[in-house]
Amino acid sequence: MRTSYDVLVIGGGHAGCEAAAAAARTGAATALVTHRFVTVGAMSCNPAIGGLGKGHLVREVDALDGLMGRAADAGGIQFRMLNRRKGPAVRGPRAQADRKLYAAAMQGAIRQTANLDVIEGEAEALLSRDGRVTGIRLADGRELAVGAVVVTTGTFLRGLIHLGEQSWPAGRIDEAPAMGLSKSFEALGFALGRLKTGTPPRLDGGTIDWGAVEMQPGDDPPEPFSVMTSTITTPQVECGITRTTPATHEVIRANVHRSPMYSGQIQSTGPRYCPSIEDKIVKFGDRDGHQIFLEPEGLDDPTVYPNGISTSLPEEVQRAILATIPGLERTVMLRPGYAIEYDHVDPRELEPTLQTKRLRGLFLAGQINGTTGYEEAAAQGLVAGLNAALLAAGDDLAVFDRADGYLGVMIDDLVTRGITEPYRMFTSPARYSLDAARRQCRPAPDGPRHRAGLCRRGAGSISPRQDGGAGGREDAGTVFVDHTERGRQARADAQPRRAAALGLRPPVLPGDRVGAGEGDLARAWGHLPGDRYSCRERRQIRGLSGAPECRRRCLPA
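Being a predicted model, the structure only gives us computed values, none of them experimental.

Undergrad: How should I be thinking about the packing of helix H10 (residues 374-392) against helix H11 (residues 406-417) in this particular structure?
TA: For any two helices packed against each other, the geometry comes down to the angle between their axes and how far apart the axes lie. Here H10 crosses H11 at 85°, and the two axes come no closer than 10 Å. Compared by their axis directions, H10 and H11 come out roughly perpendicular. Note on element contacts: H11 touches H10 through Leu407, Met410, Ile411 and Leu414, opposite Glu376, Ala379, Gln380 and Val383.

Dropping the structure here:
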(Lines give C-alpha, C1' and ligand atoms only; values in the text may rest on other atoms or scores of the structure.)
Protein backbone atom coordinates (compact mmCIF):
# COMPACT_ATOMS: atom_id res chain seq x y z
CA MET A 1 0.00 0.00 0.00
CA ARG A 2 1.18 3.50 -0.82
CA THR A 3 2.16 5.48 2.29
CA SER A 4 2.62 9.05 1.01
CA TYR A 5 0.49 11.45 -1.01
CA ASP A 6 0.55 15.07 -2.12
CA VAL A 7 -3.02 15.61 -0.88
CA LEU A 8 -5.15 13.51 1.43
CA VAL A 9 -8.90 14.17 1.81
CA ILE A 10 -10.76 12.91 4.88
CA GLY A 11 -14.45 12.21 4.26
CA GLY A 12 -16.36 10.98 1.20
CA GLY A 13 -19.33 13.34 1.31
CA HIS A 14 -20.06 16.17 -1.11
CA ALA A 15 -17.16 18.32 0.08
CA GLY A 16 -14.75 15.40 0.12
CA CYS A 17 -15.61 14.22 -3.39
CA GLU A 18 -15.10 17.69 -4.88
CA ALA A 19 -11.89 18.25 -2.89
CA ALA A 20 -10.37 14.93 -3.95
CA ALA A 21 -11.34 15.35 -7.61
CA ALA A 22 -10.10 18.97 -7.77
CA ALA A 23 -6.74 18.06 -6.23
CA ALA A 24 -6.32 15.09 -8.55
CA ARG A 25 -7.19 17.18 -11.63
CA THR A 26 -4.13 19.33 -10.98
CA GLY A 27 -1.94 16.22 -11.22
CA ALA A 28 -1.43 15.88 -7.45
CA ALA A 29 -1.18 12.34 -6.07
CA THR A 30 -4.39 12.28 -4.03
CA ALA A 31 -6.09 9.89 -1.61
CA LEU A 32 -9.68 9.97 -0.33
CA VAL A 33 -10.11 8.39 3.11
CA THR A 34 -13.66 7.26 3.90
CA HIS A 35 -15.24 4.66 6.19
CA ARG A 36 -16.84 2.79 3.28
CA PHE A 37 -16.68 3.51 -0.43
CA VAL A 38 -20.35 2.49 -0.90
CA THR A 39 -21.36 5.60 1.06
CA VAL A 40 -19.38 8.02 -1.14
CA GLY A 41 -21.78 10.61 -2.57
CA ALA A 42 -24.58 9.58 -0.20
CA MET A 43 -27.37 12.13 0.21
CA SER A 44 -27.70 12.02 3.98
CA CYS A 45 -30.81 14.17 4.20
CA ASN A 46 -32.90 15.65 1.40
CA PRO A 47 -32.52 13.82 -1.95
CA ALA A 48 -32.20 17.06 -3.91
CA ILE A 49 -29.55 19.36 -5.34
CA GLY A 50 -29.82 23.11 -5.83
CA GLY A 51 -32.36 25.73 -4.82
CA LEU A 52 -32.19 29.46 -4.20
CA GLY A 53 -28.54 30.46 -3.90
CA LYS A 54 -27.54 26.81 -3.74
CA GLY A 55 -28.27 26.24 -7.42
CA HIS A 56 -25.96 29.13 -8.25
CA LEU A 57 -23.17 27.39 -6.33
CA VAL A 58 -23.73 24.17 -8.29
CA ARG A 59 -23.41 26.09 -11.54
CA GLU A 60 -20.17 27.67 -10.32
CA VAL A 61 -18.80 24.30 -9.25
CA ASP A 62 -19.59 23.03 -12.74
CA ALA A 63 -17.86 26.04 -14.32
CA LEU A 64 -14.74 25.01 -12.41
CA ASP A 65 -15.02 21.44 -13.74
CA GLY A 66 -16.51 20.04 -10.52
CA LEU A 67 -18.64 16.92 -10.24
CA MET A 68 -21.90 17.88 -8.52
CA GLY A 69 -23.74 19.31 -11.53
CA ARG A 70 -23.00 16.30 -13.71
CA ALA A 71 -23.98 13.87 -10.94
CA ALA A 72 -27.24 15.77 -10.40
CA ASP A 73 -27.98 15.61 -14.12
CA ALA A 74 -27.35 11.85 -14.12
CA GLY A 75 -29.51 11.22 -11.05
CA GLY A 76 -32.17 13.93 -11.37
CA ILE A 77 -35.77 12.73 -11.54
CA GLN A 78 -37.47 16.15 -11.35
CA PHE A 79 -35.96 19.48 -12.41
CA ARG A 80 -37.53 22.83 -11.56
CA MET A 81 -36.42 26.45 -11.88
CA LEU A 82 -37.58 28.07 -8.63
CA ASN A 83 -38.82 31.68 -8.55
CA ARG A 84 -39.46 31.61 -12.27
CA ARG A 85 -41.98 34.48 -11.90
CA LYS A 86 -39.40 36.70 -10.21
CA GLY A 87 -36.29 38.42 -11.49
CA PRO A 88 -33.55 36.29 -13.04
CA ALA A 89 -31.03 36.99 -10.27
CA VAL A 90 -33.18 35.20 -7.67
CA ARG A 91 -34.20 32.20 -9.71
CA GLY A 92 -32.73 28.93 -8.53
CA PRO A 93 -32.31 25.64 -10.42
CA ARG A 94 -33.21 22.58 -8.34
CA ALA A 95 -33.27 18.85 -9.05
CA GLN A 96 -34.98 16.09 -7.11
CA ALA A 97 -32.59 13.13 -7.28
CA ASP A 98 -32.70 9.37 -7.22
CA ARG A 99 -30.38 8.59 -4.30
CA LYS A 100 -28.95 5.47 -5.93
CA LEU A 101 -28.37 7.09 -9.31
CA TYR A 102 -26.73 10.17 -7.80
CA ALA A 103 -24.39 8.12 -5.59
CA ALA A 104 -23.56 5.81 -8.50
CA ALA A 105 -22.70 8.79 -10.71
CA MET A 106 -20.48 10.33 -8.02
CA GLN A 107 -18.75 7.03 -7.25
CA GLY A 108 -18.19 6.45 -10.96
CA ALA A 109 -16.62 9.89 -11.31
CA ILE A 110 -14.30 9.20 -8.37
CA ARG A 111 -13.26 5.83 -9.82
CA GLN A 112 -12.49 7.40 -13.20
CA THR A 113 -10.44 10.29 -11.81
CA ALA A 114 -6.75 9.86 -12.52
CA ASN A 115 -4.23 10.33 -9.67
CA LEU A 116 -6.89 9.47 -7.07
CA ASP A 117 -6.83 6.50 -4.66
CA VAL A 118 -9.62 5.59 -2.23
CA ILE A 119 -8.65 4.27 1.21
CA GLU A 120 -11.34 2.67 3.36
CA GLY A 121 -10.64 3.45 6.99
CA GLU A 122 -11.08 5.96 9.79
CA ALA A 123 -8.77 8.91 10.23
CA GLU A 124 -7.81 8.90 13.90
CA ALA A 125 -5.33 11.78 14.27
CA LEU A 126 -3.52 14.57 12.43
CA LEU A 127 0.28 14.47 12.51
CA SER A 128 2.25 17.72 12.46
CA ARG A 129 5.71 19.16 12.95
CA ASP A 130 6.96 22.75 13.19
CA GLY A 131 3.52 24.23 12.57
CA ARG A 132 2.77 22.19 9.46
CA VAL A 133 0.69 19.06 8.93
CA THR A 134 2.82 16.09 7.92
CA GLY A 135 0.38 13.21 7.78
CA ILE A 136 -2.50 11.34 9.37
CA ARG A 137 -2.81 8.21 11.48
CA LEU A 138 -5.63 5.79 10.75
CA ALA A 139 -7.56 3.94 13.43
CA ASP A 140 -5.77 0.69 12.50
CA GLY A 141 -2.40 2.31 13.26
CA ARG A 142 -1.24 3.00 9.71
CA GLU A 143 0.37 6.38 9.08
CA LEU A 144 0.27 8.27 5.78
CA ALA A 145 2.68 11.11 4.94
CA VAL A 146 1.11 14.04 3.09
CA GLY A 147 1.86 17.43 1.63
CA ALA A 148 -1.58 18.76 2.61
CA VAL A 149 -4.76 17.47 4.26
CA VAL A 150 -8.38 18.45 3.59
CA VAL A 151 -10.83 17.57 6.38
CA THR A 152 -14.47 17.22 5.29
CA THR A 153 -16.12 15.30 8.13
CA GLY A 154 -19.71 16.55 7.73
CA THR A 155 -21.81 15.60 10.77
CA PHE A 156 -19.41 12.80 11.77
CA LEU A 157 -17.11 14.85 14.03
CA ARG A 158 -18.18 13.56 17.46
CA GLY A 159 -21.68 13.11 16.02
CA LEU A 160 -24.54 12.40 18.44
CA ILE A 161 -28.05 11.40 17.28
CA HIS A 162 -31.14 12.40 19.31
CA LEU A 163 -34.54 10.70 19.01
CA GLY A 164 -36.95 11.66 21.77
CA GLU A 165 -35.35 10.84 25.12
CA GLN A 166 -32.77 8.57 23.45
CA SER A 167 -29.33 9.57 22.15
CA TRP A 168 -26.35 7.63 20.80
CA PRO A 169 -23.05 8.37 19.00
CA ALA A 170 -23.34 8.27 15.19
CA GLY A 171 -22.25 10.25 12.15
CA ARG A 172 -25.59 9.53 10.51
CA ILE A 173 -28.08 6.72 11.05
CA ASP A 174 -26.34 3.33 11.38
CA GLU A 175 -22.85 4.81 10.80
CA ALA A 176 -20.13 5.36 13.40
CA PRO A 177 -18.94 8.90 14.24
CA ALA A 178 -15.39 10.24 13.96
CA MET A 179 -14.21 10.60 17.56
CA GLY A 180 -10.42 10.74 17.34
CA LEU A 181 -10.20 13.74 15.03
CA SER A 182 -12.02 15.98 17.54
CA LYS A 183 -9.36 15.20 20.13
CA SER A 184 -6.67 15.89 17.55
CA PHE A 185 -8.16 19.31 16.75
CA GLU A 186 -8.37 20.19 20.44
CA ALA A 187 -4.76 19.09 20.99
CA LEU A 188 -3.70 21.45 18.20
CA GLY A 189 -5.45 24.37 19.91
CA PHE A 190 -8.62 24.64 17.80
CA ALA A 191 -11.74 25.73 19.68
CA LEU A 192 -14.60 23.42 18.71
CA GLY A 193 -18.27 24.39 18.80
CA ARG A 194 -21.42 22.31 18.44
CA LEU A 195 -24.14 22.63 15.82
CA LYS A 196 -27.32 20.68 15.18
CA THR A 197 -29.30 19.59 12.16
CA GLY A 198 -32.21 17.24 11.64
CA THR A 199 -34.10 15.09 9.19
CA PRO A 200 -37.76 14.04 8.78
CA PRO A 201 -39.17 10.51 8.95
CA ARG A 202 -39.11 8.40 5.78
CA LEU A 203 -42.43 7.12 4.45
CA ASP A 204 -43.58 4.17 2.36
CA GLY A 205 -44.91 5.79 -0.80
CA GLY A 206 -47.14 2.80 -1.47
CA THR A 207 -49.18 3.63 1.63
CA ILE A 208 -49.71 7.33 0.81
CA ASP A 209 -53.11 8.40 -0.49
CA TRP A 210 -51.79 10.28 -3.52
CA GLY A 211 -55.34 11.17 -4.59
CA ALA A 212 -55.71 13.35 -1.48
CA VAL A 213 -52.66 15.53 -2.17
CA GLU A 214 -51.80 18.10 -4.82
CA MET A 215 -49.36 16.84 -7.45
CA GLN A 216 -46.50 18.99 -8.72
CA PRO A 217 -44.73 18.18 -12.01
CA GLY A 218 -41.27 19.36 -12.94
CA ASP A 219 -40.22 21.58 -15.85
CA ASP A 220 -40.74 20.25 -19.35
CA PRO A 221 -38.20 19.99 -20.78
CA PRO A 222 -35.92 19.67 -17.74
CA GLU A 223 -32.94 22.02 -17.73
CA PRO A 224 -29.59 20.44 -16.75
CA PHE A 225 -27.19 21.90 -14.21
CA SER A 226 -24.02 21.20 -16.16
CA VAL A 227 -22.99 22.83 -19.42
CA MET A 228 -21.57 19.42 -20.30
CA THR A 229 -25.06 17.87 -20.28
CA SER A 230 -27.05 18.39 -23.48
CA THR A 231 -30.30 16.65 -22.44
CA ILE A 232 -31.77 14.85 -19.42
CA THR A 233 -32.56 11.23 -20.26
CA THR A 234 -33.53 9.91 -16.79
CA PRO A 235 -37.33 9.38 -16.40
CA GLN A 236 -39.04 12.23 -14.57
CA VAL A 237 -41.58 12.02 -11.72
CA GLU A 238 -44.09 14.23 -9.93
CA CYS A 239 -43.95 15.26 -6.28
CA GLY A 240 -46.89 15.71 -3.93
CA ILE A 241 -47.86 18.63 -1.68
CA THR A 242 -49.88 18.44 1.54
CA ARG A 243 -50.13 20.48 4.76
CA THR A 244 -50.19 20.10 8.49
CA THR A 245 -53.54 20.66 10.22
CA PRO A 246 -54.71 22.09 13.57
CA ALA A 247 -54.85 18.48 14.80
CA THR A 248 -51.16 18.10 13.86
CA HIS A 249 -50.30 21.18 15.87
CA GLU A 250 -52.19 19.92 18.93
CA VAL A 251 -50.23 16.65 18.90
CA ILE A 252 -46.94 18.56 18.71
CA ARG A 253 -47.87 21.03 21.46
CA ALA A 254 -48.90 18.19 23.75
CA ASN A 255 -45.53 16.47 23.30
CA VAL A 256 -43.08 19.32 22.67
CA HIS A 257 -41.55 18.80 26.12
CA ARG A 258 -40.30 15.43 24.84
CA SER A 259 -38.38 17.02 21.98
CA PRO A 260 -34.61 17.15 22.68
CA MET A 261 -34.64 20.76 21.46
CA TYR A 262 -37.07 21.80 24.18
CA SER A 263 -36.21 19.38 26.97
CA GLY A 264 -32.69 20.79 27.29
CA GLN A 265 -31.11 17.62 25.88
CA ILE A 266 -29.76 19.62 22.90
CA GLN A 267 -27.96 22.88 23.64
CA SER A 268 -26.55 23.61 20.16
CA THR A 269 -28.04 25.78 17.41
CA GLY A 270 -29.83 24.40 14.38
CA PRO A 271 -30.36 25.89 10.91
CA ARG A 272 -32.75 28.85 10.94
CA TYR A 273 -33.95 28.27 7.39
CA CYS A 274 -34.69 24.57 7.86
CA PRO A 275 -36.46 24.46 11.24
CA SER A 276 -37.96 21.36 12.81
CA ILE A 277 -41.74 21.03 12.82
CA GLU A 278 -41.59 21.60 16.60
CA ASP A 279 -39.89 24.95 15.99
CA LYS A 280 -42.49 25.92 13.40
CA ILE A 281 -45.39 25.24 15.76
CA VAL A 282 -43.78 26.96 18.76
CA LYS A 283 -42.50 30.01 16.87
CA PHE A 284 -45.30 30.35 14.31
CA GLY A 285 -48.27 29.16 16.35
CA ASP A 286 -50.68 31.48 14.55
CA ARG A 287 -50.32 29.58 11.28
CA ASP A 288 -53.15 27.18 10.45
CA GLY A 289 -50.87 24.89 8.47
CA HIS A 290 -47.36 24.33 7.13
CA GLN A 291 -46.59 22.99 3.66
CA ILE A 292 -45.08 19.51 3.21
CA PHE A 293 -43.50 18.34 -0.05
CA LEU A 294 -43.67 14.58 -0.64
CA GLU A 295 -40.50 13.82 -2.60
CA PRO A 296 -39.80 10.32 -4.01
CA GLU A 297 -36.28 9.11 -3.22
CA GLY A 298 -35.86 6.98 -6.33
CA LEU A 299 -37.42 5.51 -9.44
CA ASP A 300 -37.33 1.97 -8.05
CA ASP A 301 -37.50 2.91 -4.35
CA PRO A 302 -40.89 3.34 -2.59
CA THR A 303 -39.35 5.63 0.04
CA VAL A 304 -40.73 9.18 0.18
CA TYR A 305 -39.06 12.13 1.88
CA PRO A 306 -41.64 14.47 3.53
CA ASN A 307 -39.81 17.77 3.17
CA GLY A 308 -41.07 20.16 5.85
CA ILE A 309 -41.53 17.98 8.93
CA SER A 310 -38.00 17.50 10.22
CA THR A 311 -38.35 16.32 13.81
CA SER A 312 -36.64 14.59 16.74
CA LEU A 313 -39.83 13.81 18.70
CA PRO A 314 -40.22 10.21 19.93
CA GLU A 315 -41.11 7.62 17.33
CA GLU A 316 -44.68 7.06 18.56
CA VAL A 317 -45.33 10.81 18.48
CA GLN A 318 -44.09 11.00 14.89
CA ARG A 319 -46.62 8.31 13.93
CA ALA A 320 -49.38 10.29 15.63
CA ILE A 321 -48.34 13.41 13.72
CA LEU A 322 -48.48 11.63 10.37
CA ALA A 323 -51.98 10.34 11.10
CA THR A 324 -53.28 13.93 11.21
CA ILE A 325 -51.92 15.00 7.80
CA PRO A 326 -54.10 14.70 4.66
CA GLY A 327 -52.93 11.83 2.49
CA LEU A 328 -50.69 10.40 5.24
CA GLU A 329 -53.36 9.08 7.64
CA ARG A 330 -52.51 5.44 6.90
CA THR A 331 -48.93 5.80 5.74
CA VAL A 332 -46.24 3.44 7.04
CA MET A 333 -43.19 5.15 8.57
CA LEU A 334 -40.08 3.33 7.37
CA ARG A 335 -37.68 5.28 9.60
CA PRO A 336 -38.24 7.99 12.18
CA GLY A 337 -36.77 11.45 11.90
CA TYR A 338 -33.96 12.49 14.24
CA ALA A 339 -31.64 15.34 15.18
CA ILE A 340 -27.86 15.15 15.14
CA GLU A 341 -25.25 17.27 16.94
CA TYR A 342 -21.67 17.52 15.70
CA ASP A 343 -18.44 19.47 16.21
CA HIS A 344 -17.35 22.34 14.02
CA VAL A 345 -14.39 24.71 13.87
CA ASP A 346 -14.86 28.49 13.98
CA PRO A 347 -14.37 29.42 10.29
CA ARG A 348 -12.54 32.59 11.36
CA GLU A 349 -9.66 30.19 12.03
CA LEU A 350 -9.32 29.97 8.21
CA GLU A 351 -7.61 31.97 5.50
CA PRO A 352 -9.70 32.82 2.39
CA THR A 353 -7.98 29.82 0.79
CA LEU A 354 -9.66 27.59 3.45
CA GLN A 355 -6.25 26.76 4.92
CA THR A 356 -6.18 27.03 8.71
CA LYS A 357 -4.15 29.88 10.19
CA ARG A 358 -3.05 27.67 13.05
CA LEU A 359 -1.58 24.75 11.09
CA ARG A 360 -0.09 25.15 7.61
CA GLY A 361 -1.16 22.50 5.12
CA LEU A 362 -4.49 21.80 6.87
CA PHE A 363 -7.63 22.77 4.93
CA LEU A 364 -11.25 22.48 6.10
CA ALA A 365 -14.42 22.27 3.98
CA GLY A 366 -18.11 21.66 4.51
CA GLN A 367 -20.07 21.37 7.73
CA ILE A 368 -16.88 21.43 9.81
CA ASN A 369 -16.78 25.13 8.83
CA GLY A 370 -20.30 25.72 10.13
CA THR A 371 -22.22 25.51 6.85
CA THR A 372 -25.33 23.51 6.02
CA GLY A 373 -26.22 21.90 2.71
CA TYR A 374 -24.68 19.73 0.03
CA GLU A 375 -24.02 22.65 -2.30
CA GLU A 376 -22.16 24.83 0.20
CA ALA A 377 -20.04 21.80 1.09
CA ALA A 378 -19.23 20.96 -2.53
CA ALA A 379 -18.15 24.51 -3.35
CA GLN A 380 -15.87 24.69 -0.31
CA GLY A 381 -14.47 21.25 -1.07
CA LEU A 382 -13.48 22.28 -4.57
CA VAL A 383 -11.62 25.37 -3.32
CA ALA A 384 -9.94 23.48 -0.47
CA GLY A 385 -8.86 20.62 -2.73
CA LEU A 386 -7.48 22.98 -5.36
CA ASN A 387 -5.49 24.98 -2.81
CA ALA A 388 -4.22 21.89 -1.02
CA ALA A 389 -2.78 20.67 -4.32
CA LEU A 390 -1.28 24.07 -5.11
CA LEU A 391 0.32 24.22 -1.66
CA ALA A 392 1.76 20.72 -2.03
CA ALA A 393 3.26 21.77 -5.38
CA GLY A 394 4.71 24.99 -3.95
CA ASP A 395 2.46 27.24 -6.08
CA ASP A 396 0.54 30.36 -5.10
CA LEU A 397 -2.90 29.63 -3.67
CA ALA A 398 -6.16 30.74 -5.29
CA VAL A 399 -8.45 33.25 -3.58
CA PHE A 400 -12.03 33.77 -4.78
CA ASP A 401 -13.25 37.32 -4.26
CA ARG A 402 -16.84 38.34 -3.48
CA ALA A 403 -16.97 39.78 -7.00
CA ASP A 404 -16.00 36.43 -8.54
CA GLY A 405 -19.24 34.65 -7.63
CA TYR A 406 -21.39 33.25 -4.87
CA LEU A 407 -18.59 30.88 -3.97
CA GLY A 408 -16.45 33.88 -3.09
CA VAL A 409 -19.33 35.49 -1.17
CA MET A 410 -19.79 32.39 0.97
CA ILE A 411 -16.11 31.96 1.82
CA ASP A 412 -15.70 35.66 2.61
CA ASP A 413 -18.75 35.55 4.90
CA LEU A 414 -17.37 32.53 6.74
CA VAL A 415 -13.78 33.62 7.27
CA THR A 416 -14.50 37.26 8.15
CA ARG A 417 -17.76 37.05 10.09
CA GLY A 418 -17.85 33.54 11.50
CA ILE A 419 -21.17 31.84 12.25
CA THR A 420 -23.69 31.66 15.07
CA GLU A 421 -25.86 29.09 13.28
CA PRO A 422 -25.38 26.77 10.29
CA TYR A 423 -24.62 29.01 7.28
CA ARG A 424 -26.91 28.83 4.26
CA MET A 425 -26.14 30.45 0.90
CA PHE A 426 -28.61 33.01 -0.42
CA THR A 427 -28.44 35.32 -3.43
CA SER A 428 -28.94 38.51 -1.38
CA PRO A 429 -25.33 38.89 -0.04
CA ALA A 430 -23.84 38.93 -3.55
CA ARG A 431 -22.43 42.18 -4.88
CA TYR A 432 -23.28 41.30 -8.47
CA SER A 433 -26.29 39.39 -9.76
CA LEU A 434 -26.04 36.15 -11.71
CA ASP A 435 -28.74 34.85 -14.00
CA ALA A 436 -28.67 31.16 -13.07
CA ALA A 437 -31.45 30.42 -15.54
CA ARG A 438 -29.05 31.06 -18.44
CA ARG A 439 -26.51 28.56 -17.10
CA GLN A 440 -23.80 31.21 -16.95
CA CYS A 441 -20.72 31.24 -14.78
CA ARG A 442 -19.07 33.91 -12.72
CA PRO A 443 -15.79 35.56 -13.75
CA ALA A 444 -12.80 33.37 -13.03
CA PRO A 445 -9.90 34.35 -10.79
CA ASP A 446 -6.72 35.51 -12.47
CA GLY A 447 -5.38 33.29 -15.22
CA PRO A 448 -2.31 31.66 -13.64
CA ARG A 449 -4.18 30.55 -10.53
CA HIS A 450 -7.16 29.27 -12.48
CA ARG A 451 -4.91 27.57 -15.01
CA ALA A 452 -2.96 25.88 -12.24
CA GLY A 453 -5.97 24.45 -10.56
CA LEU A 454 -9.10 23.21 -12.13
CA CYS A 455 -9.21 22.79 -15.86
CA ARG A 456 -6.13 20.66 -16.31
CA ARG A 457 -6.54 16.90 -16.48
CA GLY A 458 -3.30 15.08 -15.69
CA ALA A 459 -0.50 16.84 -17.56
CA GLY A 460 -2.74 18.14 -20.32
CA SER A 461 -5.57 20.58 -20.82
CA ILE A 462 -9.25 20.17 -20.20
CA SER A 463 -11.11 17.91 -22.60
CA PRO A 464 -14.89 17.83 -22.92
CA ARG A 465 -15.06 14.16 -21.93
CA GLN A 466 -13.04 12.29 -19.33
CA ASP A 467 -12.80 9.19 -21.46
CA GLY A 468 -11.21 11.08 -24.36
CA GLY A 469 -13.68 9.60 -26.78
CA ALA A 470 -15.37 12.72 -28.08
CA GLY A 471 -12.90 15.53 -27.80
CA GLY A 472 -9.63 13.73 -27.46
CA ARG A 473 -7.55 13.39 -24.34
CA GLU A 474 -4.23 14.79 -23.33
CA ASP A 475 -1.95 13.14 -20.81
CA ALA A 476 1.76 12.60 -20.31
CA GLY A 477 2.39 15.12 -23.10
CA THR A 478 0.79 12.93 -25.79
CA VAL A 479 -2.28 14.24 -27.61
CA PHE A 480 -4.93 11.83 -28.91
CA VAL A 481 -7.38 13.58 -31.23
CA ASP A 482 -10.64 12.20 -32.59
CA HIS A 483 -10.97 13.56 -36.14
CA THR A 484 -14.57 12.39 -36.62
CA GLU A 485 -17.38 14.95 -36.87
CA ARG A 486 -18.35 14.02 -33.30
CA GLY A 487 -14.82 14.80 -32.15
CA ARG A 488 -14.68 18.13 -34.01
CA GLN A 489 -18.00 19.22 -32.50
CA ALA A 490 -16.88 18.21 -28.99
CA ARG A 491 -13.65 20.16 -29.36
CA ALA A 492 -15.63 23.20 -30.49
CA ASP A 493 -17.89 22.83 -27.43
CA ALA A 494 -14.78 22.82 -25.23
CA GLN A 495 -13.33 26.08 -26.58
CA PRO A 496 -14.87 28.38 -23.94
CA ARG A 497 -13.58 26.11 -21.18
CA ARG A 498 -10.11 26.05 -22.71
CA ALA A 499 -10.07 29.83 -22.89
CA ALA A 500 -11.21 30.07 -19.28
CA ALA A 501 -8.47 27.66 -18.25
CA LEU A 502 -5.91 29.87 -19.93
CA GLY A 503 -7.25 33.00 -18.24
CA LEU A 504 -8.11 34.62 -21.58
CA ARG A 505 -11.75 35.53 -20.89
CA PRO A 506 -14.28 35.26 -18.05
CA PRO A 507 -16.08 31.91 -18.58
CA VAL A 508 -19.53 33.14 -19.64
CA LEU A 509 -21.20 30.01 -20.97
CA PRO A 510 -24.73 30.15 -22.41
CA GLY A 511 -27.00 27.15 -22.63
CA ASP A 512 -26.65 26.97 -26.42
CA ARG A 513 -23.98 24.68 -27.76
CA VAL A 514 -21.02 26.60 -29.20
CA GLY A 515 -20.44 26.22 -32.90
CA ALA A 516 -17.08 25.50 -34.46
CA GLY A 517 -16.77 28.87 -36.16
CA GLU A 518 -14.89 31.80 -34.66
CA GLY A 519 -17.89 34.06 -35.13
CA ASP A 520 -20.12 31.58 -33.30
CA LEU A 521 -17.63 31.47 -30.43
CA ALA A 522 -17.55 35.26 -30.22
CA ARG A 523 -21.33 35.54 -30.21
CA ALA A 524 -21.73 32.76 -27.64
CA TRP A 525 -19.35 34.53 -25.30
CA GLY A 526 -21.23 37.80 -25.69
CA HIS A 527 -18.23 39.81 -26.90
CA LEU A 528 -18.84 43.39 -27.95
CA PRO A 529 -18.20 44.33 -31.59
CA GLY A 530 -14.50 44.81 -32.10
CA ASP A 531 -13.51 42.52 -29.20
CA ARG A 532 -10.84 40.16 -30.56
CA TYR A 533 -8.65 37.27 -29.62
CA SER A 534 -5.09 37.59 -30.78
CA CYS A 535 -3.74 34.88 -33.06
CA ARG A 536 -1.71 33.50 -30.18
CA GLU A 537 -4.78 33.38 -27.91
CA ARG A 538 -6.79 31.59 -30.58
CA ARG A 539 -4.09 28.96 -30.97
CA GLN A 540 -3.95 28.54 -27.19
CA ILE A 541 -7.69 27.94 -27.04
CA ARG A 542 -7.41 25.27 -29.72
CA GLY A 543 -4.52 23.59 -27.95
CA LEU A 544 -2.01 24.42 -30.70
CA SER A 545 1.64 25.24 -30.14
CA GLY A 546 4.32 27.09 -32.07
CA ALA A 547 4.54 30.64 -33.31
CA PRO A 548 1.35 31.82 -35.00
CA GLU A 549 1.67 32.95 -38.58
CA CYS A 550 -1.29 35.19 -39.16
CA ARG A 551 -1.60 38.69 -40.57
CA ARG A 552 -5.37 39.10 -40.13
CA ARG A 553 -7.57 39.83 -37.15
CA CYS A 554 -8.77 36.54 -35.77
CA LEU A 555 -12.44 37.23 -35.10
CA PRO A 556 -14.64 38.95 -37.66
CA ALA A 557 -16.67 41.92 -36.48
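Undergrad: Mind showing me how you'd approach the sheet that holds strand E18 (residues 333-335) here?
TA: Strands belonging to one sheet form pairs held by backbone hydrogen bonds; the direction of such a pair is parallel or antiparallel. Strands sit in the order E14-E15-E16-E17-E13-E18 across an open sheet of 6 strands; the sheet is antiparallel. Edge positions in the sheet fall to strand E14 (214-216) and E18, since each has one partner strand and no second. For this sheet, the mean inter-axis angle between neighbouring strands, taken without regard to orientation, is 35°. Relative to strand E17 (residues 303-307), strand E13 (residues 202-204) is paired through 2 bridges, and the arrangement is antiparallel. Residue pairing in the sheet places aspartate 204 in a bridge with threonine 303 of E17.

Undergrad: I tried to follow unusual backbone geometry on my own but got confused; where do I start?
TA: Glycine aside, residues mostly have negative phi angles, and peptide bonds mostly take the trans form. The peptide bond linking aspartate 220 to proline 221 adopts the cis configuration, its omega dihedral lying at 5°. Considering the arrangement of structural elements, one finds proline 221 in the loop between E14 and strand E15 (239-243). Phi angles above zero are rare outside glycine, and asparagine 83 is one such case at about 60°. Its location among the elements puts asparagine 83 in the loop between strand E4 (76-82) and strand E5 (92-97). Positive phi outside glycine occurs at aspartate 130, with the angle close to 55°. Along the chain, aspartate 130 falls in the loop between strand E7 (123-129) and strand E8 (132-138). The exposure class assigned to aspartate 130 is exposed, which follows from its relative accessible area of 78%.

Rules used throughout
- Residues numbered from 1 in each chain as written.
- Predicted model: local features only at pLDDT ≥ 70, side-chain atom pairs only at ≥ 80, totals over all residues.
- Heavy atoms only, no water.
- Axes fitted to C-alpha atoms, helices over the stretch in contact; angles between N-to-C directions.
- Helix = DSSP H or I, 4+ residues; strand = E, 2+ residues; numbered from the N terminus.
- Parallel < 35°, antiparallel > 145°, perpendicular 65-115°, else oblique.
- Contact = heavy atoms within 4.5 Å.
- Pairing = 2+ DSSP bridges.
- Buried < 20%, exposed > 50% of the residue type's maximum accessible area, 1.4 Å probe, protein only.

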